[in-house]
Amino acid sequence: MINETKGDVAEFLNDFKNRNPNKTLVLIHQCNCFNTLGRARGFAGVLDKMFPQIVVADQATTKGDGNKLGQYSKAKIDDNLWIFNAYGQYYYGMSHDVMYTDYDALQNSLGLIKTLVDLYIPNPVFLMPKFIGADRANGNYEHIRSEIINPLFQESETYLIYN
């Protein structure tokens with residue numbers, strides 16, 4: 001079941017941990033292949049300041065490596081929180097005329113993450129930005145939601161957060 005929730009990610013995480021001390025939250029966000037976490041903006045920028053472990057995970061990969069596209073890096077924050085950097089875009093930038101999201105790569109990375117998590121974490125709860133791949137990366141939100149997010153996550157407890 002996919003739920004949309006409006007609010008601040010830090011507040012959501014704190015509230016979730018307090019209400020669900022025995023559940024594991026899996027937070028996923030989209031990254032580019034140029035190791036820009038640590039100076040990111042938007043949702044990733046909030047996360048990289050809260051959890052420097054995701055910057056370390058991103059920096060452990062090869063900058064600009066096209067083979068990362070469709071893959072992921074991850075950081076275990078604690079026993080009940082994992083964060084995945086989904087490499088769903090190769091380039092990054094600020095142009096509104098360029099679509100940075102690669103739909104196939106985003107779908108592949110999310111599929112790999114979902115498969116891994118389902119194998120090793122019982123009853124995970126997923127959290128993603130509502131506009132993953134669409135906000136700063138200029139992908140089409142309706143396409144991402146209907147063709148990628150819904151098919152992969154509709155059977156799991158999933159939250160899409162926005163502010």
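In this text, all values refer to a predicted model and were calculated from it rather than measured experimentally.

Thoughts on the side chain of Lys114
Right, so step 1: Here Lys114 lies in helix H4 (residues 103–120).
Right, so step 2: In this structure Lys114 touches Phe126, Leu152, Phe153 and Ser156, once residues within four positions along its chain are discounted.

Observations concerning the sheet that holds strand E2 (residues 25–31)
Each strand in a sheet pairs with another by means of backbone hydrogen bonds, the pair being arranged parallel or else antiparallel.
Right, so step 1: The strand order across the open sheet built from 6 strands is E1-E6-E5-E2-E4-E3, with neighbouring strands paired in mixed fashion. Edge positions in the sheet fall to strand E1 (2–6) and strand E3 (72–78), since each has one partner strand and no second. When the angles between neighbouring strand axes are averaged without regard to direction, this sheet yields 25°.
Right, so step 2: Bridge count between E3 and strand E4 (residues 81–87): 6 bridges; the pairing is antiparallel. Following the sheet pairing, Lys74 is matched in E4 by Phe84.
Right, so step 3: Across the sheet, helix H2 (residues 42–50) lies against E2, strand E5 (125–129) and strand E6 (157–162), angled at about 125° from E2, the strand it touches most.
Right, so step 4: Across the sheet, helix H3 (residues 52–59) lies against E2, E3 and E4, angled at about 150° from E3, the strand it touches most.

Observations regarding the pattern of salt bridges
Right, so step 1: By the definition in use, this model includes 8 salt bridges.
Right, so step 2: Salt-bridge contacts for Arg145 lead to Glu4; the nearest nitrogen and oxygen are separated by 2.7 Å. Here the residue Arg145 occupies a position in helix H5 (residues 141–153), and Glu4 occupies one in strand E1, the gap between them amounting to 141 residues.
Right, so step 3: Residue classification places Glu4 among the partly exposed positions, given a relative accessible area of 40%.
Right, so step 4: A salt bridge links Lys49 to Asp48; its shortest N-O distance comes to 3.6 Å.
Right, so step 5: Here Asp48 falls in the buried class, since its relative accessible area comes to 6%.
Right, so step 6: Salt bridges linked by common partners bring Glu4, Lys130 and Arg145 together as one network.

A word on the packing of helix H1 (residues 9–19) against H2
Right, so step 1: For the pair H1 and H2, the least separation of the axes is 10 Å and the interaxial angle reads 55°. When the axes of H1 and H2 are compared, the pair comes out oblique. Of H2, the residues touching H1 (which contributes Val9, Ala10 and Leu13) are Phe43, Val46, Leu47 and Met50.
Right, so step 2: Residue classes in the contact of H1 with H2 are distributed as 7 nonpolar, no polar and no charged.

The rules we used
Residues numbered from 1 in each chain as written. Predicted model: local features only at pLDDT ≥ 70, side-chain atom pairs only at ≥ 80, totals over all residues. Heavy atoms only, no water. Helix = DSSP H or I, 4+ residues; strand = E, 2+ residues; numbered from the N terminus. Contact = heavy atoms within 4.5 Å. Pairing = 2+ DSSP bridges. Axes fitted to C-alpha atoms, helices over the stretch in contact; angles between N-to-C directions. Salt bridge = Lys/Arg side-chain N within 4 Å of Asp/Glu carboxyl O. Buried < 20%, exposed > 50% of the residue type's maximum accessible area, 1.4 Å probe, protein only. Parallel < 35°, antiparallel > 145°, perpendicular 65-115°, else oblique. Nonpolar A, V, L, I, M, F, W, Y, C, P; charged D, E, K, R; others polar.

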